[in-house]
Amino acid sequence: MFEMGLTPTETAAIWAIFGIAIVGLLYAWFLRSQIMQEDKGTEKMQEVWNAIKDGANAYLQKQLRSILPLIAVLTVVLFFSVYIVPPSPEALERFKASSPDQVRLIIGFARAIAFVMGAGFSLLVGRIGMRMAVEANVRVASASKRSFGEALRIAYRAGTVTGMLTDGLGLLGGTIIFMILGIAAPDALLGFGFGGTLLALFMRVGGGIFTKAADVGADLVGKVEAGIPEDDPRNPAVIADLVGDNVGDCAGMAADIFESYEVTIVSGLILGLALWHITGRLEWIIFPLMVRGIGVFSSIIGTYFVKAGQTGKSEDAMKAIFSGFLTSALVSAALFFIAGLMYLNTPAMNEWGGWWRLPMAVGVGVLLAIVIDRLTEYFTGTHASPVNEVKKAADTGPATLILNGISLGFESSVWSVLVIALTIIASIAIFGTIQNPALDAVGRSTFILYGVAMTGIGMLTLTGNNVAMDSFGPISDNANGIGEMAWSGKTDKATKDAQQIMADLDAVGNTTKAITKGVAIGSAVIAAVSLFGSFLVDVSRAQAGLGIPFAEQIQAIGIRVDIPQVFVGMLIGGALPWLFSSFAIQAVARAASLIVLEVRRQFKLGVLEGKVKPDYAQAVEISTTAAQKELVSLALLGIVTPIVVGIFLHVEALGGFLAGIIVSGQLLAVFLNNSGGAWDNAKKLIEDEPKDPARNLGKGSERHKAGVVGDTVGDPFKDTAGPALNPMIKVVNLVAVIIAPIVVQYQHVNGATQLAVWAVGVALLGLLAWAVMRSKAPAPSMSMEAELKVKPVEKAKPSAKKKRK
């Protein structure tokens, strides 16, 4: 770090950023210690809670065993990837006392270690976040007996633990890599981002399949066929459903936002390095790290503004959570401009457009997060007209309700795209107007893409708040489920009031989950556009290294869709999110079918009548097995496809492929997220109606059954396929940036080398075909109990009183 020519102020700022990362982690520990002191409720509540905890831990252990071999293989591949191309000029400059071979060895180790560190941090955020949610849910259920405000406080602060962990580890990892490698940091940061993104993809896909297989199966048989409440303890799939909330929404989402946090800083630093080459200024690299530090501080402040209002209703909870988010946003925006004025207001930086441009771009990112927050709440919240229109459509059956939700999802995608488009236009307005004689068209384009990266960094400045909002959802959902199971049959006023508090928090949690998914999708697109800029920079540098004239380099000619192979690449990129989503939803459908048959089997044995006890372990095992089956094959779609496109269609087509996946993936992800969220909350609105079968109102009515059908269709939309598209898009972009220089190096070779490259391409095509066939493999026959490999259900034991008689 000290060989980069940093000023004493810059050196102090880097150490301060490092210290803030540690403070974020210490604050997470402080909040955890507070929550762990809260009451865990009755013995029955703790019995349900222990079953959820055991199921969640068992799932994550099995998932880890499934993915470790692939992580090991990719670590070795990333180490040797630096030997295929010459070292970067920055790496040679940073380690100028070493030979090129020694530099390759250093960078190879750095990239491999950073990959493991990124994967490890992502795994740590997911696992600790899930365990914190599990610890909190029973405490929230217990607090609901005391007050609405108490339950809200515990649920939100438990989520904040995960948020601070995400902030702290993300900032710590990026800062350590920069401190050690200096200007050569981007070579390792690509590995760091790839590791975090790949783990997030695994956790998103696996957790999403687990949670929605259990949820769909439990709802279809329990609510629709048997007419029992959502979390009735007689439903054999209810524990699997509650476990799924933790492994999907907590572990999966925490890892997802963590990798978005990593990837935006990676793309910002790579483009900042390109601007360093143009301007000779390090501020483009240092300021993004300062922004991250400000974000951690602002998120801590916002935590204390989340307080329940006087009425103790869901409207108050949503206002309280948004007030905390808005407070953090205002504090951070003010600090961005103060930091910019103090650090960037120098004659050298004023030659490049003035100090205000960087904080302005980051502020646009914060504004983007707020707009997406409001837009998503409008389309999925219970108090806005779209969800109420979906609810009204239940009057005429499930078909019209589903059609209403689909049309809502289509419309919401359009508005989200326009918001992101306006953000990119804002970057053009901020950085495209810089006047400097040394700036050519390529340099101006690099400035604009850097501005886009800064908006992404600004958008995820409030990661602590975003993760807290997301974790709030499954914590509230689990607390509601624990209350339903532990207090089944109780009708006293205190219990009814507590159940209403948890139902209100659960409804708010559905909206906060949808909001954070919207922010995650938006950040995925912004990060992907930034990485696209990094791709163009790296390809041009590789082409320059081969002596290709600048006029023929990709930064000069761009991605031209009039070239047939580029257009083919764009078509393949546009198609990949649809294939990925298809396989993810098929996986849920197959596993849900097995859950349905298992629940029916146990009902036939007399579970509903109390003749035998429900065997919760069977549904947990079915969901776990189904989720592990799809992990590697779906991940390979994102890893292998860009490599195959690069080998056979060359680097220009790979650029078209990236453009296709960004546009198509964003539209599809928002559609899936918002349609599913709207169906879920429409169902909850029907459930909140006074129960009146004669007027077709409330639980058990035909309208309610229509709502449940819509909800079960939307479950894999909003919790499996939609969220998993975020890390998938970024996995593809990171793989493309890593392999782009290699593709450039070998796309013009002939003879034996060309045959070897084609052989690798054919082998990868075979691997891709295996992944597709594995994802399309039908579920085993579900007609025979023996084929399910289940144990006999345990008979209900007579009470001690009956034994004495």
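Residues numbered from 1 in each chain as written. Predicted model: local features only at pLDDT ≥ 70, side-chain atom pairs only at ≥ 80, totals over all residues. Heavy atoms only, no water.

A few words on a nonpolar patch on the surface. On the surface, Val 76, Phe 80, Tyr 83, Leu 105, Phe 109 and Ile 113 cluster together to form a nonpolar patch covering roughly 580 Å² of accessible area. Of all elements in the fold, only helix 2 (43–81) and helix 4 (100–143) reach the threshold of two or more residues within the nonpolar patch. The greatest single-element share of the nonpolar patch, amounting to 3 residues, is contributed by helix 4. Considering the arrangement of structural elements, one finds Phe 109 in helix 4. Among the residues examined, Phe 109 registers a relative accessible area of 45% and is labelled partly exposed. (Patch = residues over 30% accessible without salt bridge, like charges linked within 9 Å, V, L, I, M, F, W, Y side chains within 5 Å. Areas by Shrake-Rupley, 256 points an atom, 1.4 Å probe, with all protein chains shown as cover. Salt bridge = Lys/Arg side-chain N within 4 Å of Asp/Glu carboxyl O. Helix = DSSP H or I, 4+ residues; strand = E, 2+ residues; numbered from the N terminus. Buried < 20%, exposed > 50% of the residue type's maximum accessible area, 1.4 Å probe, protein only.)

The next thing to look at is the pattern of salt bridges. Under the criterion given, the structure shown has 33 salt bridges. Between Glu 38 and Arg 153 there is a salt bridge whose closest N-O contact spans 2.8 Å. On the criterion of sequence distance, the pair formed by Glu 38 in the loop between helix 1 (8–36) and helix 2 and Arg 153 in helix 5 (residues 148–181) is long-range, its members being 115 residues apart. Across the salt bridge formed by Lys 44 and Glu 47, the nearest N and O atoms sit 3.9 Å from each other. Linking Lys 44 with Glu 47, this pair stays in helix 2, spanning 3 residues, or about one helical turn.

Let us now look at helix 14 (residues 441–459). A rise of 1.5 Å per residue sets the reference length of helix 14, with its 19 residues, at 27 Å; its end C-alpha atoms lie 27 Å apart and thus fit the reference within 8%. Capping of helix 14 at its N-terminal end is provided by Asp 440; its side-chain oxygen lies 2.7 Å from the backbone amide nitrogen of Gly 443. (Expected span 1.5 Å × (residues − 1). Polar contact = N/O pair within 3.5 Å; in protein donor to acceptor, adjacent residues only side chain to side chain.)

Positive phi outside glycine occurs at His 650, with the angle close to 80 degrees. Judged by its relative accessible area of 29%, His 650 is partly exposed.

Scanning all chains against the criterion turns up 4 cavities of 30 Å³ or more. Estimated volume of the largest cavity: approximately 110 Å³. Lining the largest cavity are 16 residues, and of these Lys 212, Asp 215, Glu 230, Asp 477 and Asp 680 lie nearest its centre. Those elements that place two or more of their residues in the lining of the largest cavity are helix 6 (185–225), helix 7 (238–279), helix 16 (493–545), helix 19 (616–687) and helix 20 (702–746). Element by element, the count of residues in the lining of the largest cavity is highest for helix 20, at 4 residues. For the lining of the largest cavity, the class distribution of residues is no nonpolar, 1 polar and 15 charged. (1 Å grid on protein atoms, 1.4 Å probe; cavity = no way out; pocket = protein on both sides within 12 Å on 5 of 7 lines; lining within 4 Å. Points joined across faces, edges and corners; volume = space filled by probe spheres on them. Nonpolar A, V, L, I, M, F, W, Y, C, P; charged D, E, K, R; others polar.)

One way to see where empty space is left: roll a probe the size of a water molecule over the atoms. Size it by volume and the largest pocket reaches roughly 1,000 Å³. Together, 33 residues line the largest pocket, and Pro 229, Glu 484, Gln 499, Glu 687 and Lys 699 are the ones closest to its centre. For the lining of the largest pocket, the elements supplying multiple residues, two or more each, are helix 6, helix 15 (463–486), helix 16, helix 19 and helix 20. Examining the composition of the lining of the largest pocket, we find that 6 residues originate from one element, helix 16, more than from any other. For the lining of the largest pocket, the residue count by class is 8 nonpolar, 9 polar and 16 charged. Residue lining of the second largest pocket: 32 residues in total, with Ile 643, Ile 739, Ile 742, Val 760 and Leu 764 positioned closest to the centre. For the lining of the second largest pocket, the elements supplying multiple residues, two or more each, are helix 2, helix 19, helix 20 and helix 21 (751–776). No other element matches the 8 residues that helix 21 contributes to the lining of the second largest pocket. Along the lines of polarity and charge, the residues of the lining of the second largest pocket split into 26 nonpolar, 6 polar and no charged.

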